[in-house]
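As a plain string of letters, each chain reads:
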Amino acid sequence: MAPIKATHPGQAWTREAIAYLEKHYRAGKGPEQLAAELGRSEESVRGKLYDLALAPRPSDLPSDPRPAAEPEAPRAYTVEAKRRAHPNAYKPWEPEDDQRLAERCAQGISLSELSKIFGRNEGAIASRLLKIQAQGPAVEEAWEYGG
């Protein structure tokens, strides 16, 4: 087998190497194995197999299939589910809401009570209290909540 093995990249195909390629490809060896045995790149072997009408053109071969996409994980919640517990969840705040929130906060109403009154979760109330710079005990709770 030594005389048919390419000794340097780009070496011309010899009759012996072509005969070896045909014989062993027809016997079931793949391009990768033949490339190793002939001292050639897999591309070179695939190209020669195409030239000999033994295999499709290398560019016609299907590319490696992409791995199947991971199914999208179900969301932890939906807006509809949140609105069952907090009817105003994710709704925009109106200026009147901000004013009422500031007034109720100044009256000393707790964060959890404000959550019930405004139909929003405590995180939304805490965030809004800090944004509108409200005054009152609920603001301290808002800072503790994570503001």
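Everything numeric here is computed off the predicted structure, so don't read it as measured data.

### Considerations on the packing of aromatic side chains
Where two aromatic rings form a pair, the distance of their centres and the angle of their planes describe that pair. Taken as a whole and judged by the stated rule, the model has two aromatic pairs. Each ring, one from Tyr-77 and one from Tyr-90, has its centre 6.4 Å from the other, and the planes form 15 degrees; the classification is stacked. Taken together, the positions of Tyr-77 in the loop between α3 (42-51) and α4 (79-85) and Tyr-90 in the loop between α4 and α5 (95-106) put the pair 13 residues apart, joining distant regions of the chain. Residue Tyr-77 is classed as partly exposed on the basis of its relative accessible area, which comes to 41%. Relative to Phe-118, the ring of Trp-93 lies with its centre 6.1 Å away and its plane at 40 degrees, an arrangement referred to as tilted. Of the two residues, Trp-93 is situated in the loop between α4 and α5 and Phe-118 in helix α6 (residues 111-118); the sequence distance between them amounts to 25 residues. Exposure remark for Trp-93: the relative accessible area of 18% places this residue in the buried category. Under the relative-accessibility criterion, Phe-118 is labelled buried at 4%.

### Notes on the confidence of the model for the protein chain
Predicted coordinates in regions of low pLDDT should not be interpreted in detail. Overall, the predicted model of the protein chain reaches an average pLDDT of 88, with 93% of residues at or above 70. Looking over the protein chain, one finds the lowest element-wise mean pLDDT in helix α8 (residues 137-145), namely 89, and the highest in α5, namely 95.

### Side note on the packing of helix α1 (residues 15-26) against α3
Their axes nearest at 11 Å, the elements α1 and α3 cross at an angle of 85 degrees. Classified by the angle between their axes, α1 and α3 sit roughly perpendicular to one another. Taken together, the residues of α3 that come into contact with α1 (itself represented by Ile-18, Leu-21 and Tyr-25) are Val-45, Lys-48 and Leu-49. Its residues placed into classes, the contact of α1 with α3 shows five nonpolar, no polar and one charged.

Here is what the cut-offs are and how they apply
Residues numbered from 1 in each chain as written. Predicted model: local features only at pLDDT ≥ 70, side-chain atom pairs only at ≥ 80, totals over all residues. Heavy atoms only, no water. Phe/Tyr/Trp six-rings, centres within 6.5 Å; stacked < 30°, edge-to-face > 60°. Helix = DSSP H or I, 4+ residues; strand = E, 2+ residues; numbered from the N terminus. Buried < 20%, exposed > 50% of the residue type's maximum accessible area, 1.4 Å probe, protein only. pLDDT = per-residue confidence, 0-100. Axes fitted to C-alpha atoms, helices over the stretch in contact; angles between N-to-C directions. Parallel < 35°, antiparallel > 145°, perpendicular 65-115°, else oblique. Contact = heavy atoms within 4.5 Å. Nonpolar A, V, L, I, M, F, W, Y, C, P; charged D, E, K, R; others polar.

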